[in-house]
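Coordinate analysis (summary)
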2 protein chains.
Amino acid sequence: AYDLHYSGPMGSKRLREAICAYLRTARGVHSEPGQVMIVSGSQQALDISARVLLDEGSAAWVEEPTYWLTRHVLQAAGLRMVAVPVDGEGMDVAVGERRCRTARAAFVAPSHQFPLGATMSASRRLQLLEWANRVGAWIIEDDYDSEYRYGSMPIAALQGLDRNARVVYVGTFSKTLFPALRMGYMVIPQDLVDAFVRIRHAMDLGTPHFYQAVVADFIEEGHYARHIRRMRLLYGERRKALVESIRKEFDGKMEVMGAEAGMFLTVKLPKGTPDTEIAREAAKEKLWLAPLSPAYTGSGGQAGFILGFGGIPGEEMGRAVRHLQDLILRHGQGKTRARGADGSGDRGDEASGY
Amino acid sequence: AYDLHYSGPMGSKRLREAICAYLRTARGVHSEPGQVMIVSGSQQALDISARVLLDEGSAAWVEEPTYWLTRHVLQAAGLRMVAVPVDGEGMDVAVGERRCRTARAAFVAPSHQFPLGATMSASRRLQLLEWANRVGAWIIEDDYDSEYRYGSMPIAALQGLDRNARVVYVGTFSKTLFPALRMGYMVIPQDLVDAFVRIRHAMDLGTPHFYQAVVADFIEEGHYARHIRRMRLLYGERRKALVESIRKEFDGKMEVMGAEAGMFLTVKLPKGTPDTEIAREAAKEKLWLAPLSPAYTGSGGQAGFILGFGGIPGEEMGRAVRHLQDLILRHGQGKTRARGADGSGDRGDEASGY
């Protein structure tokens, strides 16, 4: 029997216990159920964190490029965003310190940076934690798709390395179950739990707990772990098909980034390629691409495409890549650069392709 | 087939159309589906409204007494709350104007004020609208339980009288379906829709739309209207049983307020009665009462109880009222006044009684 009344702002105790156990073994996250808050998606987790931890006008490090919705939520919270570039080792902490040493927070996706796909290196992780501890800043770790990692061992979460309770850890069921569920979770440093509860209670009283009970059952009965294993195999095949199709169709001339994990990979295009315009045209032809350049602040960002492969059967990948190639060729050179993203929730969980 | 992907921040188009039609006939609300936003409960509607319409430190009129969660959300938004007393005609607009003529907003529940139960009179409604239009303030109309009205015709919403797009109308499914659904709706003035969408998109991307599709079916197929009719009869009987039990057990000496609508009524107790303490004691004995005094700002509020009758079968009402009477008698006089509410979501939809 499921309860039809209000649940607390932290969410179902049973689900929080299940998540806690899962995060311990799967992600190396240290937590007690009392620190886990169920949220209505990771977007809400970022919004709550900004409201609890930061004042309007506070400076916050944001990965450059980053997920547009991360930037959107921080903008709505009135934060001053400091763009910190990302390289093959993740966010470049030294540049962040030079640009704004006294920032109040850093928003990072260390397991699988969006959209360039880097995994933050161990030394950068320690450097980031050390900085946060030194200046009293918060790290908000967005671990949105770490469940799917191919070929190598999963990387433990940054939160597990933190000895000073500076990290707020954010996870989601959007990639492992489905986005319409609007359900995620956050692990809050113990001494901040009360403040988070107070704000959450003012926001919406908590996430619908009908679903929470179902998801708790799903995890407790072992379906969740089995589902992830099964999907990892499936997505692994789709990823392989996409990588191979790109190699074949583009004759090895198209660089592929971020394919080690998750449900998307990113390809770069020559500077000035109107990726947004091509993506819009592709959509008319029922090929769904996310342009890379809007993930950068301002104009002049790297052109490219973020290709979600989670929703496309392997055997359709070749056709999708040929379609992409055709679109790029049709655009050739010299077209005017178009700007803007459609702001959808997509981080690889909605289908590219047909 | 239900869609598993993200929906827009406004919510399901089909559900918004159904709500729009329902509000037109049942509540006299003027709206187009493009103005209806699905929210995760009315609490979220208040939170979004505060974020979009008001700056930190802005003054806002709040009914005195009021629903504690309304005060909580406005406090979290950093507003300066101006307590405006409520009498038998609802919020006393003239007092509001004297206390703070230039407030930026008024938060009101004109159909069935919580917790005193007044219905705002026609002249007060016009006075409130006239003030809002004159000073450019917003009215946030919380119409949380207007579906259940006994003995007299339903009162149309304030929004329907508004000729100047100053009213944001808020409704909820918590009272008509169930609170764990976490679903409500708001009607936004046309020229503010974009601003609301922008903030909502930063907050949580939207309400889970799986449920939305189910609720849309439920309304479209006529179940919702039938359900409300059936529940109005049932709650009407329970309300009658409670009113009669109070009259009988207290020998006509206990004043009953707000029983014309909704799922609660309120009784007053002699000044200084420790209502919060008695409620706490009652809870230990499995009788659920909400104390009245915490609904007032500061200490010294009117003592009493808000008695939800929605969840108690009529035949148990007599026993519940005798239990209440016993508790009040046991406390007699002279006990220390206790403060504080537990901050649950209760506005009559969770059971008082056993």
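Residues numbered from 1 in each chain as written. Chains lettered and ligands numbered in written order. Predicted model: local features only at pLDDT ≥ 70, side-chain atom pairs only at ≥ 80, totals over all residues. Heavy atoms only, no water.

1. Overview of the overall build of chain A
- Secondary structure summary: chain A contains 10 helices and 12 strands in total.
- Over its C-alpha atoms chain A spans a radius of gyration of 20 Å, differing by no more than 12% from the 20 Å that the globule rule assigns to 354 residues.
- Along the first, second and third principal axes, the C-alpha set of chain A runs to 55 × 50 × 35 Å.
- Buried residues in chain A amount to 63% of all 354 residues. (Helix = DSSP H or I, 4+ residues; strand = E, 2+ residues; numbered from the N terminus. Rg over C-alpha atoms; globule rule 2.2 N^0.38 Å. Buried < 20%, exposed > 50% of the residue type's maximum accessible area, 1.4 Å probe, protein only.)

2. Section: the environment of glycine 311 of chain A
Residue and element names in this part refer to chain A.
- With respect to the helices and strands, the residue glycine 311 is situated in the loop between strand S12 (304–308) and helix H10 (317–331).
- Overall, the relative accessible area of 38% leaves glycine 311 in the partly exposed class.
- Spatially, the C-alpha atom of glycine 311 lies 8.8 Å from that of methionine 263, the residues being 48 residues apart in sequence.

3. Concerning the environment of leucine 181 of chain B
- Along the chain, leucine 181 of chain B falls in the loop between strand S7 (167–172) and strand S8 (184–187).
- Filtering out sequence-adjacent residues up to four positions away, leucine 181 of chain B remains in contact with Pro208 of chain A together with Phe173, Tyr211 and Val215 of chain B. (Contact = heavy atoms within 4.5 Å.)

4. Some words on the sheet that holds strand S9 (residues 256–257) of chain B
Residues and elements named next belong to chain B.
- Spatially, the 4 strands line up as an open sheet ordered S9-S10-S12-S11, and their pairing is antiparallel. Only two strands of the sheet have a single neighbouring strand rather than two, namely S9 and strand S11 (290–291).
- For strand S10 (residues 264–268) and strand S12 (residues 304–308), the ladder comprises 5 bridges, and the chain directions are antiparallel. Bridge assignment links leucine 265 to a residue of S12, and that residue is leucine 307. (Pairing = 2+ DSSP bridges.)

5. Overview of helix H6 (residues 193–203) of chain B
- Those residues of H6 of chain B that fall on the buried side of the exposure criterion are Val193, Phe196, Ile199, Arg200, His201, Ala202 and Met203 of chain B.
- Positive phi appears at leucine 205 of chain B, one or two residues downstream of H6 of chain B, with a value of about 70°.

6. Considerations on the packing of aromatic side chains
- Scanning all chains against the criterion turns up 23 aromatic pairs over all chains.
- One cation-aromatic arrangement involves arginine 166 of chain B over tryptophan 138 of chain B; the distance from NZ or CZ to the ring centre is 4.0 Å. (Phe/Tyr/Trp six-rings, centres within 6.5 Å; stacked < 30°, edge-to-face > 60°. Lys NZ or Arg CZ within 6 Å of the ring centre and 35° of its normal.)

7. Details of unusual backbone geometry
Residues and elements named next belong to chain A.
- Each neighbour pair has its own omega, and for glutamate 64 with proline 65 the value is 0°, a cis peptide bond.
- Relative to the helices and strands, proline 65 is located in the loop between strand S2 (59–64) and helix H3 (68–76).
- For the bond running from phenylalanine 114 to proline 115, omega is 10°, close enough to zero to count as cis.
- Structurally, proline 115 can be placed in the loop between strand S5 (105–108) and helix H5 (122–135).

8. Overview of the packing of helix H2 (residues 42–53) of chain A against H6 of chain B
- Interhelical geometry of H2 of chain A versus H6 of chain B gives an angle of 100° and a closest axis separation of 7 Å. Taken together, the axes of H2 of chain A and H6 of chain B lie roughly perpendicular to each other. In contact with Gln43, Gln44 and Asp47 of chain A of H2 of chain A, H6 of chain B contributes His201, Ala202 and Met203 of chain B.
- Here the residues of the contact of H2 of chain A with H6 of chain B are counted per class, giving 2 nonpolar, 3 polar and 1 charged. (Axes fitted to C-alpha atoms, helices over the stretch in contact; angles between N-to-C directions. Parallel < 35°, antiparallel > 145°, perpendicular 65-115°, else oblique. Nonpolar A, V, L, I, M, F, W, Y, C, P; charged D, E, K, R; others polar.)

9. A few points about the sheet that holds strand S9 (residues 256–257) of chain A
Residue and element names in this part refer to chain A.
- Taking strand neighbours across the sheet as the criterion, the 4 strands line up as S9-S10-S12-S11 in an open arrangement whose pairing is antiparallel. Among the strands making up the open sheet, the edge pair consists of S9 and strand S11 (290–291).
- Relative to S12, S11 runs antiparallel, the two being bridged by 2 bridges. From the neighbouring strand, alanine 290 faces S12, where its bridge partner is isoleucine 306.

10. Things to note about the pattern of salt bridges
- A full pass over the atoms with the stated rule returns 36 salt bridges over all chains.
- We note a salt bridge from aspartate 143 of chain B to arginine 27 of chain B, for which the minimum N-O separation is 2.7 Å. A residue pair is termed long-range when its members are at least 10 positions apart, and aspartate 143 of chain B in the loop between strand S6 (138–142) and S7 and arginine 27 of chain B in helix H1 (residues 13–27) qualify at 116 residues.
- The buried category is assigned to arginine 27 of chain B, whose relative accessible area is 2%.
- Members of the salt-bridge network, linked through shared partners, are Glu281, Glu285, Asp326 and Arg330 of chain A. (Salt bridge = Lys/Arg side-chain N within 4 Å of Asp/Glu carboxyl O.)

11. Remarks on the pairing of strand S1 (residues 36–39) of chain A
All names here are of chain A.
- Along S1, one buried face is formed by Val36 and Ile38 and the opposite face, lined by Met37 and Val39, is buried too.
- Pairing analysis gives 4 bridges linking S1 to strand S8 (residues 184–187), with the strands arranged antiparallel. Of the residues in S8, the one forming a bridge with valine 39 is glycine 184.

12. Describing a negative patch on the surface
- On the surface, a cluster of negative charge is made up of Asp55 and Glu56 of chain A together with Asp55 and Glu56 of chain B.
- With respect to the helices, strands and loops of the structure, glutamate 56 of chain A is situated in the loop between H2 and S2. (Patch = residues over 30% accessible without salt bridge, like charges linked within 9 Å, V, L, I, M, F, W, Y side chains within 5 Å. Areas by Shrake-Rupley, 256 points an atom, 1.4 Å probe, with all protein chains shown as cover. Lys, Arg positive; Asp, Glu negative; His and termini not counted. Charge placed at Lys NZ, Arg CZ, Asp CG, Glu CD.)

13. Observations concerning H10 of chain A
Residues and elements named next belong to chain A.
- The terminal C-alpha atoms of H10 lie 21 Å apart, and with 15 residues this matches the ideal 21 Å at 1.5 Å per residue to within 8%.
- Three or more residues of H10 are buried, namely Met317, Gly318, Ala320, Val321, His323, Leu324, Gln325, Leu327, Ile328 and His331.
- On its buried face, H10 sits against helix H8 (223–249), helix H9 (275–284) and S12.
- Just beyond H10, the residue with positive phi is glycine 332, at close to 45°. (Expected span 1.5 Å × (residues − 1).)

14. Here we look at the side chain of histidine 331 of chain A
All names here are of chain A.
- Looking at the element boundaries, histidine 331 is found in helix H10.
- Taking relative accessible area as the criterion, histidine 331 reaches 4% and is therefore assigned buried.
- Each residue touching histidine 331, except ones within four places of it in the same chain, is listed here: Pro274, Glu277, Ile278 and Glu281.

15. Overview of the pairing of strand S7 (residues 167–172) of chain A
Residue and element names in this part refer to chain A.
- Burial runs high along S7: 6 of the 6 residues are buried.
- Burial along S7 is two-sided: Val167, Tyr169 and Gly171 and Val168, Val170 and Thr172, pointing in opposite directions, are all buried.
- Sheet topology note: the strand S6 (residues 138–142)/S7 ladder contains 4 bridges and is parallel. Across the sheet, residue glutamate 141 finds its bridge partner in S7, namely tyrosine 169.
- As paired elements, S7 and S8 share 4 bridges and run antiparallel to each other. By the bridge assignment for S8, valine 170 is matched with methionine 186.

16. Remarks on the confidence of the model for chain A
Residues and elements named next belong to chain A.
- Overall, the predicted model of chain A reaches an average pLDDT of 89, with 92% of residues at or above 70.
- Taken as a whole, residues 333–345 scores under 50 in pLDDT and shows 37 contacts with residues more than four places along the chain or in a different chain.
- Low confidence marks residues 349–354, where pLDDT is under 50. Its contacts with residues over four positions away, or in another chain, come to 26 contacts.
- Prediction confidence for the complex, expressed as pTM and ipTM, is 0.82 and 0.71 respectively. (pLDDT = per-residue confidence, 0-100.)

17. Remarks on the environment of leucine 158 of chain A
Residues and elements named next belong to chain A.
- Tracing the chain through its elements places leucine 158 in the loop between S6 and S7.
- In this structure, the C-alpha to C-alpha distance between leucine 158 and glycine 28, residues 130 residues apart in sequence, is 8.6 Å.
- The residues contacting leucine 158, other than those within four sequence positions of it, are Val108, Pro110, Arg125, Leu128, Leu129, Ile139 and Glu141.

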